[in-house]
Amino acid sequence: MSAPLIVLVGPMGVGKSTVGQLLAERLGTGYRDTDEDIVTAQGRAIAEIFVDEGEAAFRALEKKAVRTALAEHEGVLALGGGAILDADTRALLAGQRVVYLSMDVEEAVKRTGLNAARPLLAVNPRKQWRELMEARRHLYEEVATAVVATDGRTPEEVTQAALDAVELTLSPGGRPQDPRPEDAVVSDVTRIEIGGTAGSDPYEVLVGRQLLGELGGLIGTKAKRVAVIHPEALAETGDALRADLAEQGYEAIAIQVPNAEEAKTAEVAAYCWKALGQSGFTRTDVIVGVGGGASTDLAGFVAATWLRGVRWIAVPTTVLAMVDAAVGGKTGINTAEGKNLVGSFHPPAGVLCDLAALDSLPVNDYVSGLAEVIKAGFIADPAILDLIESDPQAARTPAGPHTAELIVRSIKVKAEVVSSDLKEAGLREILNYGHTLGHAIEKNERYKWRHGAAVSVGMHFAAELGRLAGRLDDATADRHRAILEAVGLPLHYRYDQWPKLVENMKVDKKSRGDLLRFIVLDGLAKPTVLEGPDPAVLLAAYGEVGE
């Protein structure tokens with residue numbers, strides 16, 4: 001019977017995978033992970049096993065996987081966070097070279113973030129982490145030959161500390177393999193600054209994973225109360241954030257609102273105002289808006305209007321909200337007459353785009369958000385289009401290789417525009433590419449269509465309008481159809497609805513008097529305004545869209 005060279009134990013997210021692979025590389029041996037063994041054998045994620053069969057069933061599978069790996073593997077072996085709960089497993093570890101990788105509660109929350117794949121941290125991660133550690137710390141210490149703290153250390157530093165602790169000699173090795181993102185000891189975070197204009201303060205948009213730990217810093221020490229506004233669909237996430245903020249000492253409340261566009265009404269805003277009033281919300285307190293674009297639009301509008309403006313933080317959980325709605329300070333609600341006709345420019349104090357939130361997003365919602373990404377590509381950054389065209393199917397999923405880059409690039413496009421034009425006095429109008437007809441379709445469908453789907457049809461229309469107006473070349477116009485269709489976005493809408501759409505467009509925010517205004521392209525990444533086009537040209541362009 002063989003024995004592993006080193007066995008790594010410790011809580012989820014501590015970095016066992018990253019450090020394990022580094023150790024194996026530097027020791028010239030193999031790496032194995034019992035969680036990966038279970039996923040491979042079962043053909044499904046661990047979170048699915050928890051949901052489908054319960055924790056007891058998973059622990060039985062884990063016990064068997066650990067026994068097998070301890071008997072077969074001679075290199076570096078990492079065990080799942082709860083493997084040491086089993087007494088037989090702890091007995092098998094007796095006499096082994098076991099390294100316990102530890103971290104404190106605050107660091108744990110930063111690393112695990114909003115990732116729904118952590119089945120034991122679904123609600124109130126800080127409290128649940130503390131409870132987990134109180135139950136498990138003595139067991140980790142019981143089986144450990146050495147304890148290595150990971151707080152404030154890079155993966156390489158943790159690796160060296162582990163080697164020093166067990167006094168192993170290194171073999172020459174090459175570069176380590178890339179770590180799994182969910183177990184990385186350090187998380188890559190992109191920080192995009194939005195410049196302050198018109199008396200507003202600059203703020204940052206953070207894009208990465210495990211960003212929950214940044215929220216307290218954005219809220220700051222002056223706030224006594226925090227209100228978390230969230231849609232019904234994210235009830236668990238909203239309550240988790242509320243409980244987590246309460247653990248940090250804030251008087252935190254959760255305000256649940258309807259899903260999607262149903263939240264963006266005067267009645268729902270009044271409901272939020274009532275909740276703020278009843279909780280004694282003051283000008284130094286903070287609102288946190290969690291969810292998709294409708295939720296962040298509403299949260300920002302409530303923040304803009306309560307006491308003539310309080311600070312707010314956006315935590316967008318959809319592609320659409322990350323690249324568009326939560327960035328730029330546009331807030332608003334809908335009325336029977338149109339979309340976003342009542343609103344305010346009220347920039348957030350910060351935006352946390354935790355990519356882990358996209359992992360469980362339904363595919364239609366994810367793809368809908370790509371419309372705003374593609375828009376950014378056509379009006380300003382063609383590299384976005386190149387990335388999507390290189391593998392359209394991969395672009396349809398958060399697991400695609402370019403997800404983070406697509407979102408970062410799209411945010412940077414909007415950041416550059418809104419930093420110079422907060423209140424849509426000029427340049428910012430280019431962000432409305434595809435939106436004039438898109439908003440008209442949304443209103444006509446009583447907001448039952450996804451925003452991205454309507455904007456996709458609107459961009460197809462804008463491309464045809466630009467072509468017929470003599471502004472846009474055929475190749476770029478045709479490229480609209482190809483890329484939108486490739487990712488599964490719609491190109492067409494009902495032809496017989498054109499008269500209603502024209503009436504809807506007349507009350508669009510971009511109209512001037514009775515003059516319709518459209519953003520079109522003079523060429524790739526060359527947006528411009530087309531004002532008062534000939535009605536015959538408009539109808540001809542819609543003829544390419546209608547069906």
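Since we're looking at a predicted model, the values are computed, not measured. As a convention, each chain's residues are numbered from 1 in the sequence order in which they are written. In view of the model being predicted, local features appear only for residues whose pLDDT reaches at least 70, and side-chain atom pairs are presented and counted only at 80 or more, with totals across whole chains, interfaces and linings using the full set of residues. For the side-chain quantities, the full set of heavy atoms in the structure was used; hydrogens and water were omitted.

A. Structural detail: the overall build of the chain. If you tally the helices and strands in the chain, you get 22 helices and 16 strands. In this scheme, a residue with accessible area under 20% of its type's maximum is buried, one over 50% is exposed, and one in between is partly exposed, where area comes from a 1.4 Å probe on protein chains only. Split into buried and exposed, the 547 residues of the chain put 56% on the buried side. Only runs of H or I of at least four residues qualify as helices and only runs of E of at least two qualify as strands under DSSP, and these elements are numbered from the N terminus.

B. Quick look at the nonpolar core. If you look at the biggest cluster of nonpolar residues, it comprises 75 residues, and the most contacted ones within it are Val205, Ile287, Leu298 and Ile374. The element contributing the most residues to this core is helix α14 (residues 363-379), with nine residues. Two residues qualify as a contact provided that any one of their heavy atoms is within 4.5 Å of a heavy atom in the partner residue. Those residues within four positions of Val205 in sequence are excluded, and the remaining contacts are Thr190, Arg191, Ile192, Ile194, Val327, Val351, Cys353 and Ile411. Ranked by size, the runner-up nonpolar core spans 20 residues in total, among them Phe461, Tyr493, Val502 and Leu538. For this analysis, a nonpolar core means a set of buried residues of the types Ala, Val, Leu, Ile, Met, Phe, Trp, Tyr and Cys, connected via side-chain atoms within 4.5 Å.

C. Representation of helix α8 (residues 155-166). What a helix should span is 1.5 Å times the count of its residues minus one. With 12 residues, α8 extends 17 Å from end C-alpha to end C-alpha; this agrees with the ideal 16 Å at 1.5 Å per step. Among the residues making up α8, those that are buried are Pro155, Val158, Thr159, Ala161, Ala162, Leu163 and Val166. Elements that come into contact with the buried residues of α8 comprise β1 (6-9), α1 (16-27), β4 (98-102) and β5 (146-149).

D. Region of the structure containing the pattern of salt bridges. Throughout this description, the term salt bridge denotes a Lys or Arg side-chain nitrogen within 4 Å of a carboxyl oxygen of Asp or Glu. Enumeration according to the criterion identifies 35 salt bridges in this entry. A salt bridge links Glu53 to Arg44, with the nearest nitrogen and oxygen atoms 2.2 Å apart. With a relative accessible area of 18%, Arg44 lands in the buried category. Across the pair Arg467 and Glu464 runs a salt bridge, and its minimum N-O distance is 3.2 Å. Of this pair, Arg467 and Glu464 both sit in helix α19 (residues 451-468), three residues apart, roughly one helical turn. Note on Arg467: relative accessible area 21%, which makes it partly exposed. Look at Glu464 and you get buried, because its relative accessible area is 3%. A network of salt bridges, in which partner residues are shared, links Glu464, Arg467, Asp474, Asp478, Arg481 and Glu544.

E. Region of interest: the sheet that holds β4. An order of β2-β3-β1-β4-β5 is seen for the five strands of this open sheet, with the pairing classed as parallel. The outermost strands of the open sheet, each flanked by one partner alone, are β2 (31-33) and β5. Neighbour-to-neighbour, the strand axes of the sheet open up by a mean angle of 25°, direction not taken into account. As paired strands, β1 and strand β3 (residues 76-78) are joined by three bridges and run parallel to one another. Bridge assignment links Leu8 to a residue of β3, and that residue is Ala78. Where helix α4 (residues 55-72) meets the sheet, it contacts β1, β2 and β3, and its direction lies at approximately 165° from that of β2. Lines fitted to C-alpha atoms define the axes, with helix axes restricted to the stretch in contact, and inter-axis angles between N-to-C directions lie between 0 and 180 degrees. Along the sheet, α8 contacts β1, β4 and β5; its crossing angle with β5, the most-contacted strand, is approximately 160°. Two strands make a pair as long as DSSP finds a minimum of two bridges between them.

F. Examining the side chain of Thr159 more closely. By the secondary structure assignment, Thr159 is in helix α8. By relative accessible area, Thr159 is classed as buried at 0%.

G. Broad picture of the sheet that holds strand β10 (residues 286-291). Sheet architecture is open: seven strands sit in the order β6-β7-β14-β11-β10-β8-β9, paired in mixed fashion. Of all the strands in the sheet, the pair left with one neighbour each is β6 (190-194) and β9 (251-257). Put simply, the sheet's adjacent strands are angled 15° from each other on average, direction ignored. Strand direction decides the pairing type here: β6 and strand β7 (residues 203-208), joined by five bridges, are antiparallel.

H. Layout of unusual backbone geometry. In this structure, Leu307 is a non-glycine residue whose phi angle is positive, near 55°. With respect to the secondary-structure elements, Leu307 resides in the loop between α12 (293-305) and β11 (311-316). Positive phi outside glycine occurs at Tyr447, with the angle close to 60°.

I. Expanded view of the environment of Phe58. Among the structural elements, Phe58 can be located in helix α4. Excluding residues that lie within four positions of it along the chain, Phe58 makes contacts with Asp35, Ile38, Ile46, Ile49 and Phe50.

J. Main features of the packing of aromatic side chains. Between 30 and 60 degrees the pair is tilted, below 30 it is stacked and above 60 it is edge-to-face, where a pair is any two Phe, Tyr or Trp rings, Trp via its six-membered ring, whose centres lie within 6.5 Å. Scanning the model with the defined rule gives eight aromatic pairs in all. Summarising the aromatic geometry, the rings of Trp449 and Tyr493 are spaced 5.4 Å apart at their centres and angled 90° between planes, so their arrangement reads as edge-to-face. Of this pair, Trp449 sits in the loop between α18 (435-444) and α19 while Tyr493 sits in the loop between α20 (474-486) and α21 (498-506); the two residues are 44 residues apart in sequence, bridging distant segments of the chain. Relative accessible area serves as the criterion here: at 23%, Trp449 is assigned to the partly exposed category. Exposure remark for Tyr493: the relative accessible area of 3% places this residue in the buried category. The interplanar angle of 25° and the centroid separation of 4.7 Å between the aromatic rings of Trp498 and Tyr542 together place this pair among those described as stacked. Of the two residues, Trp498 sits in helix α21 while Tyr542 sits in helix α22 (residues 535-545), which places them 44 residues apart along the sequence. Each member of the pair, Trp498 as well as Tyr542, carries the same accessibility label: buried. Pairwise contacts between aromatic rings join Phe461, Tyr495, Trp498, Phe518 and Tyr542 into one cluster.

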